[in-house]
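Listed here are the chains, written in short residue letters.
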Amino acid sequence: QVQLVESGGGLVQAGGSLRLSCAASGRTFSSYAMGWFRQAPGKEREFVAAINWSGGYTYYADSVKGRFTISRDNVNNRVYLQMNSLKPEDTAVYYCAAKYTRTVVTSEERYEYWGQGTQVTVSS
């Protein structure tokens with residue numbers, strides 16, 4: 001069992017930056033692939049970024065490539081999403097997710113555990 005708690009959301013102006021953090025419980029965090037997803041008002045949840053167990057492989061949605069960076073700290077059981085050059089269309093609730101596997105996972109349906117989400121609002 002893994003429990004995930006996101007933090008770091010907030011209100012930022014367009015062009016600004018935020019760093020989201022996801023704290024995971026459990027002693028086997030390094031056995032999990034991790035992902036970030038987001039859901040804007042009136043829209044379905046969508047994939048943002050994913051990272052494999054070691055941090056050696058990452059994958060991004062085209063809409064955030066070059067602006068967002070996913071990383072992980074397996075000592076402190078955390079995964080991060082550094083978001084730069086934010087745009088109003090990045091406004092959403094951001095969720096982290098975990099899947100017990102060593103590979104990168106981009107499919108929402110494959111993730112087993114989810115956090116409660118953190119709100120990111122980008123003003124124009």
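Scroll up a little and you will see the structure.
Below you will find a few notes about this structure. Residues take numbers from 1 onward in each chain, read along the sequence in its written order. Per-residue local features are limited, in this predicted model, to residues with pLDDT of at least 70; the limit for side-chain atom pairs, both in listing and counting, is 80 or more; totals at the level of whole chains, interfaces and linings are taken over all residues. No hydrogens and no water enter the side-chain calculation; it runs on all heavy atoms of the structure.

**A closer look at the overall build of the protein**
By definition, any uninterrupted DSSP run of H or I lasting at least four residues is a helix, any uninterrupted run of E lasting at least two residues is a strand, and each is numbered from the N terminus. The secondary structure content of the protein amounts to zero helices and 11 strands. When the helices and strands of the protein are listed from N to C terminus, the series reads β-β-β-β-β-β-β-β-β-β-β. Only C-alpha atoms enter the radius of gyration, while the globule expectation follows 2.2 Å times N to the 0.38, with N the number of residues. Taking 2.2 N^0.38 as the reference for a compact globule, 124 residues should give roughly 14 Å; the C-alpha atoms of the protein span a radius of gyration of 13 Å, in line with that estimate. Taken over the C-alpha atoms alone, the protein extends approximately 40 × 25 × 25 Å along its principal axes. Working definition: with a 1.4 Å probe on protein chains only, accessible area under 20% of the residue-type maximum means buried, over 50% means exposed, and in between means partly exposed. Going through the 124 residues of the protein one by one, you find that 44% of them count as buried. We call two residues in contact whenever any of their non-hydrogen atoms come within 4.5 Å of each other. Relative to all contacts within the protein whose residues are 6 or more apart in sequence, the contacts with residues 24 or more apart total 60%. Put simply, the protein has 13 plus and 10 minus side-chain charges, and the middle of one group is 7 Å from the middle of the other. For the purpose of charge, His is not counted, nor are the chain termini; Lys and Arg are scored as positive and Asp and Glu as negative. Here the site of a charge means atom NZ of a Lys, CZ of an Arg, CG of an Asp or CD of a Glu.

**Focus: the nonpolar core**
Core analysis: the largest hydrophobic core is formed by 37 residues, its most contacted members being Leu-4, Met-34, Trp-36, Leu-81, Met-83 and Tyr-94. Those elements that provide at least two residues to this core are strand 3 (18–24), strand 4 (32–39), strand 5 (46–51), strand 7 (68–73), strand 8 (78–83), strand 9 (92–100) and strand 11 (118–123). Non-local contacts of Met-83, meaning those with residues more than four positions away in its chain, are made with Gly-16, Ser-17, Leu-18, Leu-20, Arg-67, Phe-68, Tyr-94 and Val-120. Here, nonpolar core means buried Ala, Val, Leu, Ile, Met, Phe, Trp, Tyr and Cys residues that are tied together by side-chain atoms lying within 4.5 Å of each other.

**Section: the state of the cysteines**
Disulfide: a pair of cysteine sulfur atoms within 2.5 Å of each other. Under the counting rule described, the total for this entry stands at one disulfide. The side chain of Cys-22 participates in a disulfide bridge whose partner is Cys-96; the two sulfur atoms lie 1.9 Å from each other. A torsion of 40 degrees about the S-S bond marks the disulfide between Cys-22 and Cys-96 as right-handed. One end of the pair, Cys-22, is in strand 3; the other, Cys-96, is in strand 9, with 74 residues separating them in the sequence. A relative accessible area of 0% means that Cys-96 is categorised as buried.

**Overview of the pairing of strand 7**
Side chains of strand 7 alternate between two faces, with Phe-68, Ile-70 and Arg-72 buried and Thr-69, Ser-71 and Asp-73 left unburied. Any two strands with at least two DSSP-identified bridges between them are counted as paired. Bridge analysis of strand 7 against strand 8 gives six bridges, and the strand direction is antiparallel. Across the sheet, Asp-73 pairs through a bridge with Arg-78, a residue of strand 8. Between strand 7 and strand 8, which follow one another and run antiparallel, lie four residues, and Asn-77 among them has a positive phi close to 55 degrees.

**Concerning the environment of Glu-109**
Considering the arrangement of structural elements, one finds Glu-109 in the loop between strand 9 and strand 10 (113–114). Look at Glu-109 and you get exposed, because its relative accessible area is 68%. Pairs of N or O atoms within 3.5 Å make up the polar contacts considered here, provided that, within protein, one atom can donate a hydrogen while the other can accept it, and that residues adjacent in sequence are counted only when both atoms are side-chain atoms. Here Ser-107 takes part through its side chain, which lies 2.9 Å from a polar atom of the side chain of Glu-109.

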